[in-house]
Amino acid sequence: MKTTNPSRVSEQLARLISTVKEDRNGAPSEYLEDVEDRPVDGFAVAVCTTDGVAVSEGETQQAFALQSVSKALTYAVALQERGMDAVLERVGVEPSGMAFNELSLHSDGRPYNPLINVGAIMTHGLIPGNDEDARLELLLDRYSQLAGTDLTISEDVWDAETARAHQNLGLAHMLAASQMLPDEAHEVVRGYLGQCSVEVTVEQLATMGATLASGGVNPVTGRRVLAEWVCQQVMSVMLSCGMYNASGQWMAEVGIPAKSGVSGALLGAVPGALGIASWSPRLDEQGTSVRGIGVFEALSADWDLHVLRHRDAMAGLREAAGDGS
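Residues numbered from 1 in each chain as written. Predicted model: local features only at pLDDT ≥ 70, side-chain atom pairs only at ≥ 80, totals over all residues. Heavy atoms only, no water.

Draft legend 1. Broad picture of the packing of helix α5 (residues 132-147) against helix α9 (residues 202-213). Axis separation between α5 and α9 bottoms out at 7 Å; the angle between their running directions is 90°. Relative to α9, the element α5 is oriented roughly perpendicular. Along the contact surface, α5 presents Y143, L146 and A147, while α9 presents Q204, T207, M208 and T211. Split by residue class, the contact of α5 with α9 holds four nonpolar, three polar and no charged. (Axes fitted to C-alpha atoms, helices over the stretch in contact; angles between N-to-C directions. Helix = DSSP H or I, 4+ residues; strand = E, 2+ residues; numbered from the N terminus. Parallel < 35°, antiparallel > 145°, perpendicular 65-115°, else oblique. Contact = heavy atoms within 4.5 Å. Nonpolar A, V, L, I, M, F, W, Y, C, P; charged D, E, K, R; others polar.)

Below, the structure written as structure tokens:
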């Protein structure tokens, strides 16, 4: 049996991110204009392996909002709590081919997938609970189990997102008009924006990714959080839909199930290997962290992480037990 060598991971991670950390291309999301004391040039990267080795570099204590990364996590919770059939009745799994904030619906009224806004709003409405508070309480509990520590919602980010919620409200009202939305539109959207405002560090986010990669068992706490089939479903949709209109290119060139957020967060999960998280707020035209893309490209190539290519994921970073060479 092979185990991960922490010193080798740390050394290679530091070397890899040094190639991208000076990149200042892109611009931060507009919502950050309404949130005080949020650095726009910060940068941090963390990995957490499925055998529990955690390594990070950069501004690792800086908390940031999950934003759209939360869509994948909420999808996992909905599947776990409601079951596959109940979720598929309301939300599909196909790439939409349209912008993330468009009303992209199948002919039966279902959103194309849970990782675009209209699908994420629907998915939030599927979380068990009689109101906004109950749904958010459940999500916070499950998010915290995935991260291995208690997480909280940033009220400042939540307020900033709520002030800009007109388009999301429009999407929710269209779902409600077709009688697809399980609850009242305003309440579902406010709860959805609350989940987007949950804050994490890169180390916590990498642990969440590693929990998906290990089939639902948190490798740090040893606690089972999700069923294995849930993780398989979530990572499948992340791989095909997680990077919006760039998902096809991402699958071909990077090949890591991933989800981006406009806070500059980027989450990846490589089955059986590790979770990866980066944070850098400067975004490209697709709304994805510029430096985050660079990190994932480098890790995929150097650590053989492309899920459709790798022969020995993390080759050279794992060794037989007792082999100190």
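Now, onward.
Draft legend 2. Representation of the sheet that holds strand β7 (residues 258-260) within the structure. A sheet is described by the order of its strands in space; here five strands give the open sequence β3-β2-β9-β8-β7, paired in antiparallel fashion. The two strands at the open ends of the sheet, each matched to only one other strand, are β3 (54-58) and β7. Strand-to-strand twist of the sheet, defined as the mean angle between neighbouring strand axes without regard to direction, takes the value 10°. Pairing analysis gives six bridges linking strand β8 (residues 265-270) to strand β9 (residues 274-279), with the strands arranged antiparallel. The residue of β9 that forms the bridge with V270 is L274. Here helix α12 (residues 290-302) sits on the sheet and contacts β2 (44-49), β8 and β9; the angle it forms with β8, its principal contact strand, is near 20°. (Pairing = 2+ DSSP bridges.)

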